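Architecture and fold: a report
Here are the chains, one letter per residue:
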Amino acid sequence: DAGVIQSPRHEVTEMGQEVTLRCKPISGHNSLFWYRQTMMRGLELLIYFNNNVPIDDSGMPEDRFSAKMPNASFSTLKIQPSEPRDSAVYFCASRLNTGELFFGEGSRLTVL
Amino acid sequence: QQQVKQSPQSLIVQKGGIPIINCAYENTAFDYFPWYQQFPGKGPALLIAIRPDVSEKKEGRFTISFNKSAKQFSLHIMDSQPGDSATYFCAACFSGNTPLVFGKGTRLSVIA
């Protein structure tokens, strides 16, 4: 079975550029989460969706970050404009109701 | 109240030793406590989880000990092996479709 699929796996960009990260959750899962991982702050929840509806985006650092889930099989996390402090590994995760949370392999973002 | 505090930040043990990783939480509404294991370049994966109606849970060489009154839980790895070298995260949430709150992680190195 395919797990959570994220793309790109690695992204290097320059400050000020727009970055779009993509996620395909496991088929049938109804909740999707975006986390950011850094050495200093560990795994931070950015936003999560239930049944494609954003429930809590209080973890989104600032207005430069936005996330969408247009359908049950796709979500994007966009950063515009990007800054060096956004460099991190961004994880997408999905689950069915209160079941096990499955993570993708992450998108490593480097902003120069 | 949403924090989960994890210690130590890093840990080195000899093969066959029993590393212990500790977590503490404040929100007494939390009732699901999983541990995740992450290898370099991969997303975290569920290792073992416990609910507060039991004080201990074992799965193979991995054991969770849970102390509800102290609001603490810990992971023990019996007969540790070099293949157990990874980053371990504790987490917590309360029932329902709520997000997991993660500790900052413990980097474990098991040396032969």
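Everything numeric here is computed off the predicted structure, so don't read it as measured data.

The next thing to look at is the nonpolar core. Residues Val-4, Phe-33, Trp-35, Phe-73, Leu-75 and Tyr-88 of chain B are the most contacted members of the largest nonpolar core, which totals 25 residues. Looking at this core, the elements that each hand over two or more residues are strand 2 (10–14), strand 3 (20–25), strand 4 (33–38), strand 5 (45–50), strand 7 (62–67), strand 8 (72–77), strand 9 (86–92) and strand 11 (106–111) of chain B. Top element by residues in this core is strand 9 of chain B. It accounts for 4 residues. Beyond its immediate sequence surroundings of up to four residues, Leu-75 of chain B is in contact with Pro-19, Ile-20, Ile-21, Trp-35, Leu-47, Ile-48, Phe-62, Thr-63, Ile-64 and Tyr-88 of chain B. In this structure, Leu-21, Trp-34, Ala-67 and Met-69 of chain A belong to the second largest nonpolar core, which totals 21 residues.

What follows deals with the side chain of Gln-37 of chain B. Residues and elements named next belong to chain B. Structurally, the position occupied by Gln-37 is in strand 4. Owing to a relative accessible area of 14%, Gln-37 belongs among the buried residues under this scheme. Of the polar contacts made by the side chain of Gln-37, one reaches the side chain of Tyr-88; its length is 3.0 Å.

Turning our eyes to something else, we now look at the pairing of strand 11 of chain B. All names here are of chain B. Residues of strand 11 alternate between two faces, with Thr-106, Leu-108 and Val-110 buried on one and Arg-107, Ser-109 and Ile-111 left unburied on the opposite face. Bridging between strand 2 and strand 11 involves 5 bridges; their strand directions are parallel. When the bridges of strand 11 are listed, Val-13 appears paired with Val-110. Pairing geometry for strand 9 and strand 11, over 3 bridges, is antiparallel. The residue of strand 11 that forms the bridge with Thr-87 is Arg-107.

Strand pairing in a sheet relies on backbone hydrogen bonds. The paired strands run either parallel or antiparallel. Residue and element names in this part refer to chain B. Read across the sheet, 5 strands follow the order 1-3-8-7-6 without closing on themselves; strand pairing throughout is antiparallel. The open sheet has two edge strands, strand 1 (4–7) and strand 6 (56–59), and neither has a second partner. Across the sheet, the axes of successive neighbouring strands diverge by a mean angle of 15°, strand direction being ignored.

Residues and elements named next belong to chain A. By the element assignment, Asp-86 lies in the loop between strand 8 (74–79) and strand 9 (88–95). It is 9.4 Å that separates the C-alpha atoms of Asp-86 and Pro-61, two residues lying 25 residues apart in sequence. The residues contacting Asp-86, other than those within four sequence positions of it, are Arg-36, Arg-64, Phe-65, Ile-79, Pro-81, Leu-109 and Val-111. For Asp-86, the side chain forms a polar contact with the main-chain nitrogen of Glu-83, separated by 2.8 Å.

Attention now goes to the state of the cysteines. Applying the stated criterion across every chain, the model contains 2 disulfides over all chains. A disulfide bridge connects Cys-23 of chain A with Cys-92 of chain A, and the sulfur atoms are separated by 1.9 Å. With the S-S dihedral at roughly -65°, the linkage between Cys-23 of chain A and Cys-92 of chain A falls on the left-handed side. A residue pair is termed long-range when its members are at least 10 positions apart, and Cys-23 of chain A in strand 3 (residues 19–24) and Cys-92 of chain A in strand 9 qualify at 69 residues. The same class applies to Cys-23 of chain A as to Cys-92 of chain A, namely buried. Note on cysteine connectivity: Cys-23 of chain B is disulfide-linked to Cys-90 of chain B, with sulfurs 1.8 Å apart.

With 16 residues of chain B at the contact, the number on the chain A side is 23 residues. Where chain B abuts chain A, roughly 1600 Å² becomes buried across the two surfaces, and 50% of that area is made up of carbon and sulfur atoms. Its largest share of buried area at the contact with chain A, chain B owes to Asn-97, Pro-99 and Phe-102 of chain B, together 33% of the area lost on that side. Run the count over chain B and chain A and you get 1 salt bridge. Along the contact surface separating chain B from chain A lie 7 residue pairs in polar contact (both at pLDDT 80 or more). Here the residues of the side of chain B that touches chain A sort into 7 nonpolar, 6 polar and 3 charged.

About the cut-offs
- Residues numbered from 1 in each chain as written.
- Chains lettered and ligands numbered in written order.
- Predicted model: local features only at pLDDT ≥ 70, side-chain atom pairs only at ≥ 80, totals over all residues.
- Heavy atoms only, no water.
- Core = buried A, V, L, I, M, F, W, Y, C linked by side-chain atoms within 4.5 Å.
- Buried < 20%, exposed > 50% of the residue type's maximum accessible area, 1.4 Å probe, protein only.
- Helix = DSSP H or I, 4+ residues; strand = E, 2+ residues; numbered from the N terminus.
- Contact = heavy atoms within 4.5 Å.
- Polar contact = N/O pair within 3.5 Å; in protein donor to acceptor, adjacent residues only side chain to side chain.
- Pairing = 2+ DSSP bridges.
- Axes fitted to C-alpha atoms, helices over the stretch in contact; angles between N-to-C directions.
- Disulfide = S-S within 2.5 Å.
- Buried area = accessible area lost by both parts, 1.4 Å probe.
- Salt bridge = Lys/Arg side-chain N within 4 Å of Asp/Glu carboxyl O.
- Nonpolar A, V, L, I, M, F, W, Y, C, P; charged D, E, K, R; others polar.

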